[in-house]
Amino acid sequence: MGVGAVTRRTEKAVGTTKAEGNGQPVGVEKLIEAVRGGRADEVPALLEGLGAAERRTVLAELKSLRTEVRGWERQRPRDAADVRRALYVAGAGCHPGAAGAATWLGGRDLLAWRSEDGGLVLRVVDGLPPEWLADLAGRLASRPAVAEHSYELIRGLVERSGRPVPATDGYVLGWAWQFRAGSRWRRSFEGPSLLERLREDPQTPALVVHALSMAESPDQLTWTVTEAPHAHWPTAVAALVAEGVVDRAAVLDAAVSRLLRGGRPRDLRFPLDVLRLVEPTAAEFRERIPDLVGMTADTPSPIAGYAQEVLAELAEEGALSTAALAEMTSAVLFRTEKKLVRAQLTLVGKALARDAGAADELLPAVAEVFGNEDTDLQGRALKLVARHLSAVDDSVRRELAAQAGLLSPAHRQTAVALFGEALEEEPGFPYEEILPPVPGAQPVGPPASTVEELVEDLLAKGVSEDPVRFERALDGVVRHAHRDREAVARAVREAFAIEVWQEPHHFSNDFRALHAVLAGLLGLLEPSWIEDRRAREPESTACFHEALTGIRDARLWEASALIGTDALPLLLASPTVSTGGIDPLVLVERLRVYRDAGVEPAPADLAQALLRVLRTGPDAGRAEEEASALGTVAGRRLGAWLRADEPLAATVRFLGREEDRSLETWSVFQRLVVELADRAVVREEFPPAFRWLGGTLETAPRRCYHWVTGVEHWAPVLPADREVLAACFVPSLARGGSSRETTEPLTGLAEAEGRVGRAVAVALALALGAGDADDRLRAVDALLVLASRGDLDGRQVGEELAWLVAEGSVKPNRLADAARTAAITGAYGTVWAVLGAALPELLDGGKPVRGLGEVLAVAADCVERCGARGDLPGLDGLASGKGSSQLVVQAKRLRDALRP
């Protein structure tokens, strides 16, 4: 179809007169001249007179020009843009087949012109057979990024060919964009409303249904009524359903199916709002009961809650079978949201009140709550089982008794009274703390053995974000460049687009570490420019984010200046283990290589190596002797560094509000002071970027306005000085609030070596109260790793938590969540060591902070499990209070558990 179709554009060979000098037809010459001149508007008219042969000739020229234009980006960006626009249109008109035309129009380099010049493309393909146009429309619509930006073109092709509407994600994104009102807050134009425009569009019925099914909803469709009062899609769609414009059953099926698949709450807002506004009838919901039950299992809370409400109404009407209710109950009671669990227990209670015979099916599902981490929910479930236990047969009773063994000790007495001999006796084994295995630092493999393997390492995805892979690649570049600089340079030129490396601002505005070293290897950067960056020293008011990053940058710029020369045969600072640490004996051998070559180590490389060398291992003493015996300055420096008790040190403190009333409104971050100990060796012998570690930064609260990135490279800077590392992390943790990924450095901190003091305790305390659940999970991991290594001071962490909770910097519910997560791994004793130290100040400080009951519940569970005994100051007064609030109930429970 393709070649013949294009041939039929015109059988008459127009423009066959040869142009002087090059032998091409005049029409071909004029078209190529117009494209080279960036005159896209002239292209359709010039194409009209060309036959198939001339178009093939032009196409070859267009492909060559397209390649040429890629090199204009830096020097002639405006010309490149104009020519690409003309190429976009001309290429569409010269391809004989729809497949080739679709590939051309979908090219990434022509992306900018898809939305603007769809009309010009429609002119150049006008007159082609409908099948050809339909084929092109389908191919473009099937590519999401292309379809979104080519909506006008695809729609024109669809309308001209008569093919069905291509309901694809990309096409729907482009379609939805056409209905934007300019502002989500108010209408910025005079004209039809969203509803009117949707009603008039013949493609609306098909595309609305597909929009409801999309994994990622278009932005406009997710706006709320408040955000978009004049362009609220769910309201408009519900109106179209009511009018019969859009098929009601198709909308319901699409919305329910999308909600069942789950995903981000943002992407589920549109189908959920549509479903609510359409208001399905009871009969329509009954047809979809299996889907609704599925929603209660794995979808986000708002979706599960909606499904639970609908199914509860069906149950009230007697339209929900016992089997479906049992399946739903098992699904909901497995979830962690207390609100949903409580509502489900209430629903089951009502169902059993109506039909006691359903107990055999429903109570085993209820018993799943016996293993819930929340003892209050355990108690509710136990009461429900007790109320209806007489209605079950013996086999179910035995099953329930077996599940009751999961109950907290707080409910043990009630369970014994309920199940009697059927309840298994408590095991007589003594409590045993369960902690994760002590993580061992993994050895770092040798660098790539060939240049080909090296290039693969450099091009690997994520190499810059993984410190181990990053260091391995950097070491490989240095070693291979020292052996054969030209071979490495040649491979780099072939593998990378090096044109942008010649622009200094490329590295100033968006620093690419490995690229900077490779640019130095190729000699693309001015030596003076590199030297300026090597010599930079953080200002006295710099934040620790800036200072830590500066160490990495100085080392890389040094490598950029020296790579491929005799001055840098290998990197001294290349880690030998995954934490970033260096085996001291390995570092001695590297220094011996330098001595034998008659080369002085590069200053930043040596400084980083000293910071990374592990000083506490069994080989440290021997390494100190061998380093001193090398007879070099670097050897003597290493020996002295290994002998020093504490070559680096830091302290963390907070300005007290009682000392200065002006601090009353200051946050914990604003009152934080980190002080690095004065170390003359570091200030005098280390390069400028490192001297802040010797105490050159101001000892005062400091602000940091950086978007914290590259934190994965912080821990490997100081893998042997954990307390100093923690002191550097504390400011970002204190500032974190609801920010995410603030606790990412804690993994490296927990696995690092060196002293543990207040800085580590404060870092853990702040992280356990982080706003993001994933951040708290990383804090729990760090806590357990430190405990397994014997490096956790639980009392100190608890004391820091006490004042942080009391002043509101750490919210009790977040602390309770983190503590519960740590405890259920089997570390009840470890968690109690922390909470037991935190609670006295919180219990003895007047009115308890809101939410403390949750913390007391976790503490009570820990005590019941690990068997701790003793008195807790302030607990008796709270436990003797009246009422049934969680605070009082859990205080009594904790008091009773602590008594011998």
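Every value quoted in this text rests on a predicted model; they were computed, and no experiment measured them. (Residues numbered from 1 in each chain as written. Predicted model: local features only at pLDDT ≥ 70, side-chain atom pairs only at ≥ 80, totals over all residues. Heavy atoms only, no water.)

All right, on to the overall build of the chain then. Looking only at helices and strands, one finds 48 helices and two strands in the chain. Buried positions account for 51% of the 900 residues belonging to the chain. At a minimum sequence separation of 6, the contacts of the chain that also span at least 24 residues come to 72%. For the chain, the accessible surface area stands at approximately 40200 Å², while carbon and sulfur atoms represent 49% of it. Of the side chains in the chain, 105 bear a positive and 130 a negative charge, and the two mean positions are spaced by 3 Å. (Helix = DSSP H or I, 4+ residues; strand = E, 2+ residues; numbered from the N terminus. Buried < 20%, exposed > 50% of the residue type's maximum accessible area, 1.4 Å probe, protein only. Contact = heavy atoms within 4.5 Å. Areas by Shrake-Rupley, 256 points an atom, 1.4 Å probe, with all protein chains shown as cover. Lys, Arg positive; Asp, Glu negative; His and termini not counted. Charge placed at Lys NZ, Arg CZ, Asp CG, Glu CD.)

Attention shifts here to helix 16 (residues 265-278). The end-to-end C-alpha distance of helix 16 is 20 Å, a good match for the 20 Å that 14 residues give at a rise of 1.5 Å each. The sharpest bend along helix 16 measures roughly 25° and falls at Pro271. Within helix 16 the residues assigned to the buried category are Asp267, Leu268, Phe270, Pro271, Leu272, Val274, Leu275 and Val278. Backbone geometry just downstream of helix 16 places Glu279 in the positive-phi region, at approximately 55°. (Expected span 1.5 Å × (residues − 1). Bend = angle between axes of the 7 residues up to and from the residue.)

So, on to the nonpolar core. Among the nonpolar cores identified, the biggest contains 160 residues, and Trp692, Trp832, Leu839 and Leu894 are the most heavily contacted of them. Among the elements that take part in this core, helix 41 (residues 758-768) stands out by supplying ten residues, more than any other. For Trp832, the residues in contact, after removing those within four places along its chain, are Ala837, Leu839, Ala859, Cys862, Val863, Ala868, Leu872, Leu894 and Leu898. (Core = buried A, V, L, I, M, F, W, Y, C linked by side-chain atoms within 4.5 Å.)

Attention shifts here to the pattern of salt bridges. Taken as a whole, this structure holds 52 salt bridges when the rule is applied. A salt bridge links Arg722 to Asp791; the nearest nitrogen and oxygen atoms lie 3.0 Å apart. Here Asp791 lies in the loop between helix 42 (773-788) and helix 43 (794-806) and Arg722 lies in helix 39 (residues 722-735), a separation of 69 residues in the sequence. You can call Asp791 partly exposed: its relative accessible area is 23%. Taking the shortest distance from any N to any O, the salt bridge between Arg778 and Asp775 comes out at 2.6 Å. A residue pair is termed a helical-turn pair when its members lie 3 or 4 positions apart in one helix, as Arg778 and Asp775 do in helix 42 at three residues. (Salt bridge = Lys/Arg side-chain N within 4 Å of Asp/Glu carboxyl O.)

What follows is about the packing of helix 16 against helix 19 (residues 301-316). Their axes nearest at 11 Å, the elements helix 16 and helix 19 cross at an angle of 20°. Classified by the angle their axes make, helix 16 and helix 19 are roughly parallel. Read as a crossing pair, helix 16 and helix 19 show a hand that is left-handed. In contact with Leu268, Leu272, Leu275 and Arg276 of helix 16, helix 19 contributes Ile303, Tyr306 and Glu309. The residue makeup of the contact of helix 16 with helix 19, split by class, is five nonpolar, no polar and two charged. (Axes fitted to C-alpha atoms, helices over the stretch in contact; angles between N-to-C directions. Parallel < 35°, antiparallel > 145°, perpendicular 65-115°, else oblique. Left-handed = near helix turned anticlockwise from the far one by under 90°. Nonpolar A, V, L, I, M, F, W, Y, C, P; charged D, E, K, R; others polar.)

Okay, the environment of Leu240 next. With respect to the helices and strands, the residue Leu240 is situated in helix 14 (residues 233-243). Residue Leu240 is classed as buried on the basis of its relative accessible area of 0%. For the pair formed by Leu240 and Leu195, sequence separation is 45 residues and the distance between their alpha carbons is 7.7 Å. Dropping the residues within four chain positions of it, Leu240 is found in contact with Leu195, Leu198, Arg199, Thr204, Val245 and Val246.

As a further point, take the pairing of strand 1 (residues 650-654). Here strand 1 shows a clear split, with Ala650, Val652 and Phe654 buried on one side and none of Thr651 and Arg653 buried on the other. Relative to strand 2 (residues 672-676), strand 1 runs antiparallel, the two sharing five bridges. The residue bridging Arg653 from the neighbouring strand is Val673, located in strand 2. (Pairing = 2+ DSSP bridges.)

Per the counting criterion, the structure on display carries eleven aromatic pairs. Seen from their ring centres, Phe654 and Trp803 are 4.8 Å apart, and the 65° between their planes marks the pair as edge-to-face. Remark: Trp803 occurs in helix 43 and Phe654 occurs in strand 1; sequence separation between them is 149 residues. In this structure an aromatic cluster arises from ring pairing among Trp175, Phe179 and Trp233. We note Arg76 situated over the ring of Trp72; from NZ or CZ to the ring centre the distance is 3.8 Å. Taking the ring centre of Trp529 as reference, the NZ or CZ of Arg533 above it sits at 3.6 Å. (Phe/Tyr/Trp six-rings, centres within 6.5 Å; stacked < 30°, edge-to-face > 60°. Lys NZ or Arg CZ within 6 Å of the ring centre and 35° of its normal.)

For the rest of this paragraph, the subject is the packing of helix 4 (residues 52-69) against helix 5 (residues 77-94). Look at helix 4 against helix 5: their axes get within 10 Å of each other, and the N-to-C directions meet at 150°. Classed by the angle they form, the pair helix 4 and helix 5 counts as roughly antiparallel. Classified by chirality, the crossing of helix 5 by helix 4 is left-handed. Facing Arg55, Val58, Leu59, Leu62, Leu65, Arg66 and Val69 of helix 4, the residues of helix 5 in contact are Ala80, Val83, Arg84, Leu87, Ala90, Gly91, Gly93 and Cys94.

Turning next to unusual backbone geometry. Residues other than glycine seldom take positive phi values, yet Glu279 does so here, at roughly 55°. Within the element layout of this structure, Glu279 appears in the loop between helix 16 and helix 17 (282-286).

Time to look at the environment of Thr168. Relative to the assigned elements, Thr168 resides in the loop between helix 10 (151-161) and helix 11 (169-177). Linking Thr168 and His480, residues 312 residues apart in sequence, is a C-alpha distance of 49 Å. Non-local contacts of Thr168, meaning those with residues more than four positions away in its chain, are made with Ala141, Ala147 and His210. Within the structure, the side chain of Thr168 is placed 2.8 Å from the backbone oxygen of Ala141, a separation counted as a polar contact. (Polar contact = N/O pair within 3.5 Å; in protein donor to acceptor, adjacent residues only side chain to side chain.)

It is worth spelling out the confidence of the model for the chain at this point. Looking at the chain as a whole, the pLDDT averages 89, with 91% of positions reaching at least 70. The least confident element of the chain is helix 1 (residues 2-7), whose mean pLDDT is 42; the most confident is helix 34 (residues 603-612), at 98. Low pLDDT, under 50, characterises residues 1-21; the predicted model gives this stretch 43 contacts beyond four residues in sequence or across chains. Low pLDDT, under 50, characterises residues 181-190; the predicted model gives this stretch 21 contacts beyond four residues in sequence or across chains. (pLDDT = per-residue confidence, 0-100.)

Within the element layout of this structure, Asp374 appears in the loop between helix 22 (359-366) and helix 23 (375-388). Of note is the side chain of Asp374, whose polar atom sits 2.8 Å from the backbone nitrogen of Asp376.

Here we come to helix 19. Here helix 19 contains 16 residues, and its C-alpha end-to-end distance of 22 Å stays within 8% of the 22 Å for a straight helix at 1.5 Å per residue. Structurally, helix 19 contributes buried residues whose contacts are with helix 15 (248-261), helix 16, helix 17, helix 18 (289-298), helix 20 (322-333) and helix 21 (338-354). Just beyond helix 19, the residue with positive phi is Gly318, at close to 80°.

So, about the state of the cysteines. Disulfide: a covalent bond connecting the sulfur atoms of a pair of cysteines. The full count for this structure, using the stated rule, is zero disulfides. Left unpaired, Cys862 is separated from the closest cysteine sulfur, that of Cys866, by 6.6 Å. We classify Cys862 as buried; its relative accessible area is 0%. (Disulfide = S-S within 2.5 Å.)

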